[in-house]
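Now for the letters of each chain:
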Amino acid sequence: MKICHTIEDLRSTLRGKRSAFVPTMGNLHAGHIALVHRANQCRTEGKTDTTVASIFVNRLQFLPHEDFDKYPRTWQSDCDQLQAAGCDVLFAPDEKELYPEPQSYKVHPPAALADILEGQFRPGFFIGVCTVVMKLFQCVQPSAAIFGKKDYQQNMVLRHMVRQFALPVEMIAYETRRADDGLALSSRNGFLSPTERAEAVQLSLALKSLIALAKAGRSDYAAMEAAAMQALAVRGWKPDYLTVRRQADLQVPQAGDVPASLVALGAAKLGTTRLIDNLEITQ
Ligand code: PAF
């Protein structure tokens, strides 16, 4: 695996190649590696020649109280996992390389999509994400990019960005990887104590209950959501939201929206760790 720390080296390494790209902030786990395998599949299918991953902890998407400095940096383990997964090129710029001057030009996604749910609780988060992904795309110039569905809203915001800026990138959303008990894999799971880890699956169970109610024909979403949040709160969680939304635009369902067009999304704090998850309703 070739490691490029500069944009210049990356560009000369990738010249003339079609790449499938997996952007990450490092601290890799099996969920990220599944994305790399999906990127390799593009290579196997002959759609691309190269699998590229990036590791860059993006200060722009952290709020002042979210501890950018404490985000786990696990460089050697990340490199080992990428190498073993068959990644061809790792782009790992430092902050000076990607942001040599304060990044005053930024991508502002529309409020209807980016100021709800995650954006409501993490104002400016999607500006940071869109700006860095736009910049990473300029550096890598991928033919395809693979993102995990665990970050459901992030996927939607980025897909719209790619469409509105006519970026020549195929956006591939990949299923969430889960632990045996159903907990969505996340770098943040590493912050959980053993007791919290055992409790953590309750978030996805709460989403499953919301889905079961919607499938059974309930559509009093506000009441369903309040009850689901209360049930988690009683167990010691601090829920930000547990909600049923339309898969198409993440807005509140309207009369006539069938359950199979909906998704349940949640974010809640367990101790000091904030977890997010989502489950699409299928037929
Ligand atoms: O999902 C992530 O890890 C980050 O938001 C991303 C897309 C790598 C941008 O920093």
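Our subject is the structure that appears above.
Described in the following lines is the structure provided in the data block. (Residues numbered from 1 in each chain as written. Predicted model: local features only at pLDDT ≥ 70, side-chain atom pairs only at ≥ 80, totals over all residues. Heavy atoms only, no water.)

## Regarding the site of the ligand
Taken together, P23, T24, M25, N58, Q61, V129, V132, V133, F147, D151 and Q154 make up the full set of residues near the ligand. Within the side chain of Q61, an N or O atom sits 2.7 Å from an oxygen atom of the ligand. Contact distances for the ligand include 2.8 Å between an oxygen atom and a side-chain N or O atom of Q154. Expressed as a share of its isolated accessible area of 290 Å², the protein-covered part of the ligand is 88%. Secondary structure elements with two or more residues in the shell around the ligand: β2 (19-24) and α7 (125-140). Here the element with the most residues in the shell around the ligand is α7; it accounts for three residues. (Near = heavy atom within 4 Å. Polar contact = N/O pair within 3.5 Å; in protein donor to acceptor, adjacent residues only side chain to side chain. Areas by Shrake-Rupley, 256 points an atom, 1.4 Å probe, with all protein chains shown as cover. Helix = DSSP H or I, 4+ residues; strand = E, 2+ residues; numbered from the N terminus.)

## Quick notes on the packing of aromatic side chains
The geometry of two aromatic rings is summed up by the distance between their centres and the angle between their planes. Within this structure, the stated rule accounts for six aromatic pairs. For the ring pair F125 and F126, a centre distance of 4.9 Å and an interplane angle of 65° mean the geometry is edge-to-face. By the burial criterion, F125 is buried, and F126 matches it. Joined through ring pairs, the aromatic side chains of F62, F68 and Y71 make up one cluster. Its end group placed over the ring of F68, R73 keeps NZ or CZ at 4.8 Å from the ring centre. (Phe/Tyr/Trp six-rings, centres within 6.5 Å; stacked < 30°, edge-to-face > 60°. Buried < 20%, exposed > 50% of the residue type's maximum accessible area, 1.4 Å probe, protein only. Lys NZ or Arg CZ within 6 Å of the ring centre and 35° of its normal.)

## Description of unusual backbone geometry
One non-glycine residue, N27, lies in the positive phi region at around 55°. Here N27 is to be found in the loop between β2 and α2 (30-44). For A166, which is not a glycine, the phi torsion comes out positive at approximately 50°. Relative to the helices and strands, A166 resides in the loop between α8 (152-164) and β6 (170-174). On the accessibility criterion, A166 (62% relative accessible area) is exposed.

## Digging into the nonpolar core
If you look at the biggest cluster of nonpolar residues, it comprises 44 residues, and the most contacted ones within it are F91 and F137. Only α1 (7-14), β4 (89-91), α5 (111-114), α7, β5 (144-148), α8 and β8 (262-270) provide two or more residues apiece to this core. The leading source of residues in this core is α7, at 11 residues. Apart from the residues within four sequence positions on either side, F91 is in contact with C4, H5, T6, I7, L10, A53, S54, I55, L98, L136, C139 and V140. Grouped together as the second largest cluster of nonpolar side chains are 23 residues, L183, W237, A268 and L275 included. (Core = buried A, V, L, I, M, F, W, Y, C linked by side-chain atoms within 4.5 Å. Contact = heavy atoms within 4.5 Å.)

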